[in-house]
Amino acid sequence: MTGILRVLLVEDNPGDADLIVELLPDKCEVVVAARISEAREHAGAERFDILLLDLGLPDSNGLDTLRTMRLYAVELPIIVMTGNNDEQMGLAAIREGAQDYLIKGQIAQNLLVRSIKYAVERKQTENALKELNATLEERIVERTAQLTSANETLQFEIAVRRRTEDALRISHDRINAILEQMSDGFAAFDHDWRYTFINPAAAKAFQTTPEQLLGKSIWEMWPPAYDLPLGANFRRSLQENIPIQFEEFYPAPLNRWFECRCHPTSEGLVTFFSDITERKQSEEELRQSEERFRIMGEILPYGVWWCNAHGGAEYCSQSFLDLIEMSMDEMREFGWSNRLPLDEIEPMMKRWMHCVQTGEDWDDEHHVLGPDGKYHTILTRGRPVRDNTGSIVGWAGINLDIDERKRLEEVLKKLNEELDSRVAERTAELRDKDQLLLIQSRQAAMGEMIGNIAHQWRQPLNTLGLIVQQLPFLYDIGELSKESLDKSTQQSMNLILHMSKTIDDFRNFFRPDKEMVEFKVSEAIITTLSLIEDSFKSHRIRIEVNTKHDPAINGYPNEYSQALLNILNNARDALIEREVDDPRVTINISADGDRAVVTISDNAGGIPEEIMRKIFDPYFTTKGPQSGTGVGLFMSKTIIEKNMGGMLAACNIANGAEFRIEV
Amino acid sequence: MEAISDLLPPISILLIEDEEVTLELLSIILSKKFPDIILHTAINGRTGLELFKTYTPDIVITDINMPQMDGVQAAKNIRLLKPAAKIIIITGKNEKSILQDSDGNGFEFDHFIMKPVVYQDLFDVIEQCLNDINHQ
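1. Thoughts on the overall build of chain B
- Assigned secondary structure in chain B consists of 6 helices and 5 strands.
- Across chain B, helices and strands are ordered from the amino to the carboxyl terminus as α-β-α-β-α-β-α-β-α-β-α.
- The 136 residues of chain B split such that 49% are buried.
- Once local pairs closer than 6 in sequence are excluded, the contacts in chain B between residues at least 24 apart make up 70%.
- Roughly 6,900 Å² of accessible area belongs to chain B as shown, and the carbon and sulfur atoms make up 51% of that amount.

2. Looking at the packing of aromatic side chains
Residues and elements named next belong to chain A.
- Within this structure, the stated rule accounts for 22 aromatic pairs over all chains.
- Here Tyr250 and Phe258 contribute two aromatic rings whose centre-to-centre distance is 5.9 Å and whose plane-to-plane angle is 50 degrees, an arrangement assigned as tilted. Phe258 shares its class with Tyr250; the two are buried.
- Each residue in the set Phe189, Trp193, Tyr195, Trp219, Trp222, Tyr226, Phe234, Tyr250, Phe258 and Phe273 is aromatic and connected to the rest through ring pairs, giving one cluster.
- A cation sits over an aromatic face here: Lys280 above Trp257, 4.3 Å from the ring centre.

3. A look at the sheet that holds strand 9 (residues 256–265) of chain A
Residue and element names in this part refer to chain A.
- Pairing is antiparallel across the open sheet formed by 5 strands, whose spatial order is 7-6-10-9-8. Of all strands in the sheet, those bounded by a partner on one side alone are strand 7 (195–198) and strand 8 (244–250). Taking each pair of neighbouring strands and ignoring which way they run, the sheet shows an average axis angle of 20 degrees.
- Summarising the sheet, strand 6 (residues 185–189) and strand 7 pair through 3 bridges and their orientation is antiparallel. Considered in strand 7, the bridge of Phe189 is made with Tyr195.
- Along the sheet, helix 10 (residues 277–299) contacts strand 8, strand 9 and strand 10 (268–275); its crossing angle with strand 9, the most-contacted strand, is approximately 125 degrees.

4. Points about the sheet that holds strand 3 (residues 50–54) of chain A
Residue and element names in this part refer to chain A.
- Across the sheet, which stays open at both edges, the 5 strands sit in the order 2-1-3-4-5 with parallel pairing between neighbours. Strand pairing shows two members of the sheet lacking a second neighbour, strand 2 (28–33) and strand 5 (100–103), which therefore form its edges. With direction set aside, neighbouring strand axes in the sheet form an average angle of 20 degrees.
- Where strand 3 meets strand 4 (residues 78–82), 4 bridges bridge the pair, whose relative direction is parallel. By the bridge assignment, Leu53 is partnered in strand 4 with Val80.
- This element, helix 3 (residues 63–72), spans strand 3 and strand 4 of the sheet and lies at about 155 degrees to strand 3.

5. Some thoughts on the interface of chain A and chain B
- Facing the 19 residues of chain A at the interface are 28 residues of chain B.
- Interface area for chain A against chain B, summed over the two sides, is near 2,000 Å², with a carbon-plus-sulfur share of 59%.
- Of all residues in chain A, Arg458, Leu466 and Phe473 of chain A give up the largest surface area on contact with chain B, accounting jointly for 28% of the area buried on that side.
- On the surface where chain A and chain B come into contact, there are 2 salt bridges.
- The shortest N-O distance in the salt bridge between Glu24 of chain B and Lys487 of chain A comes to 2.2 Å.
- Taken together, chain A and chain B are joined by 9 residue pairs in polar contact (both at pLDDT 80 or more).
- Among the elements that take part in the side of chain A that touches chain B, helix 14 (residues 402–476) of chain A stands out by supplying 11 residues, more than any other.

6. Some thoughts on the nonpolar core
- Residues Tyr560, Val598, Phe659 and Ile661 of chain A are the most contacted members of the largest nonpolar core, which totals 46 residues.
- A per-element tally of this core places helix 17 (residues 557–577) of chain A first, with 9 residues.
- Not counting residues within four places of it along the chain, the set of residues in contact with Ile661 of chain A comprises Tyr560, Leu564, Ile567, Ala596, Val597, Val598, Ile600, Ile640, Met647 and Leu648 of chain A.
- The next biggest cluster of nonpolar side chains, apart from the first, holds 29 residues, and it includes Ile29, Ile37, Ile59 and Ile90 of chain B.

How each quantity is defined
Residues numbered from 1 in each chain as written. Chains lettered and ligands numbered in written order. Predicted model: local features only at pLDDT ≥ 70, side-chain atom pairs only at ≥ 80, totals over all residues. Heavy atoms only, no water. Helix = DSSP H or I, 4+ residues; strand = E, 2+ residues; numbered from the N terminus. Buried < 20%, exposed > 50% of the residue type's maximum accessible area, 1.4 Å probe, protein only. Contact = heavy atoms within 4.5 Å. Areas by Shrake-Rupley, 256 points an atom, 1.4 Å probe, with all protein chains shown as cover. Phe/Tyr/Trp six-rings, centres within 6.5 Å; stacked < 30°, edge-to-face > 60°. Lys NZ or Arg CZ within 6 Å of the ring centre and 35° of its normal. Pairing = 2+ DSSP bridges. Axes fitted to C-alpha atoms, helices over the stretch in contact; angles between N-to-C directions. Buried area = accessible area lost by both parts, 1.4 Å probe. Salt bridge = Lys/Arg side-chain N within 4 Å of Asp/Glu carboxyl O. Polar contact = N/O pair within 3.5 Å; in protein donor to acceptor, adjacent residues only side chain to side chain. Core = buried A, V, L, I, M, F, W, Y, C linked by side-chain atoms within 4.5 Å.

Here is the structure:
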């Protein structure tokens, strides 16, 4: 204890107070308060080292006094002063927080000093302890907080760890499930190349089961694999610790393409296989298809091209590259446009971009500079290529060399002209030939007619000769009378008129028909027969005419007669040539609906089958050059079918040939 | 000469001609030219053959071109019936060629007369036939 000791003495009895002051050492400064309210004020306003407190005060008594003052002077050591023989109170006060007690009347100076000294020290110790305690409490709180926080962190970490473990387990299950079910093959190997895992897809691909492979070395199970690219890639992947992906074809017994990915792991190597045979086949087909188009493109002058969706060129045939003297890379995108004439670039690009934007078909002509330093005319055509949603993914088209086409057109034109002139020449030749045929036909008919006239006239001329000769004969024998002269004259005139009529008949027959007229078929037949009957008679050929109907037709009667005549003449010639007994020609006239049908049949044995097909051909004849021209039946067919719209056909019947004329 | 001819049976001629006027003219002329002969006439080959069978004439004059039975056929039959009969054929030119073509089977006619008939030619061959008959 150093310096002045400040004492707050609370004592209502001034005598007692003075006594205490007397007992206190000199270096004490004493403030006396008689009441508790005074004491409170002093304790609140000033610093004291010790409080001497009488418990019995006018405004407070007993332990309450102590309790009150402890509230106002927490750190002040308190010595209570009690009445005589009231030690119980003193002990109670110590229990309530007083440092010591003194009993009034027994207070000696040394006792007081020692009590004050102890009380101060005791209070100081108590305060220090109190302070220490407070610090300890504080640190406990702090540490508790730390522990709580640490605990929470730990709990969180545990939860996270648990979740991670769960996730890992689920993930593992899931991976296993995936590996089991996926269509790709999956196989894992340890560092000694033993199968540690193989999924069903892989086992199926290798045409075995997982059980047969697990734990065994791939090189033992599949020795050829060691020398395949697969073996080399597996070893390299593991040795160099890099993933490798490759495609490989495995011959019999697999005969499949596989894509394989291998990844090194701490445990060895994991590998994935997928069967890409179909993809490879598709790729091969695609490649072949593309190759076909490329080849086709190469064959066409300047070939094919394709562009991407925005119109930039991606490919064109080599022939076009040769023309523009560019490499594929130089030509790419719009590189090719450098070979266009300057004034054509912009308008052509505009047209092209219009197509690219609208998807309209591309059809354009432009020029490109060729290696010969000349501009070539190119016709280019293209169409958009669309994906299955209809979006344009590119353009494909062709380039055509129109120069070549124009040259070919020129050649073609020349060839055409040549052909035309040859056709004209040939037509003229044919016309001449037709003309000749017509002339020959007419000449033949004339010849026939002259023969017929000869037949028709021979008899009357003979008779006329006899009559004329008879006159001088009768005169010589003196029997030429008026009567015989008149008779001879009459007979002669009859013959002359008959012969004249014959001439008229033939002339009429040769007069061409100017226009179509309606005529009776039977009349045409009678006319025709009248011209030839003597000729037939001279060969004893009988002509039989059966008229079932007597149809009329619209046409050219003379031509019709000529057609009949040609057929009748052929029948006659055949009958004569084959020396048929009882030669006969039968003519039937009938009608089939509105058509007049005439059949002319003979009994000359028929037309040989091998020439049946040719009998209507021009210049076909069986009669030899002297007697046949080969135009008769041809003309008949022409007359009946072309001029009169009818039909002429021939067939063989029982013992001869039959011609059927339908008009 | 006359006596001989009187003793012999009269010569007969068969004329076959299908044309009526011609037959009439020829028969008048022949009967006037050869009044001593007996003349039979027929309008076709068949009638002619029948008459020949009845009268067996010495000379047959026939047109070659006739209906029913033509002159050649009739002459062939006549030749079979009486090989010594003289046969004169009256023919057109074409008919002659036919006759020549078809006479390879032993048939031979004695004379032929071309149409138109000149009387003198006919008379000449008849005279010739008569001579031949008389000298036999």
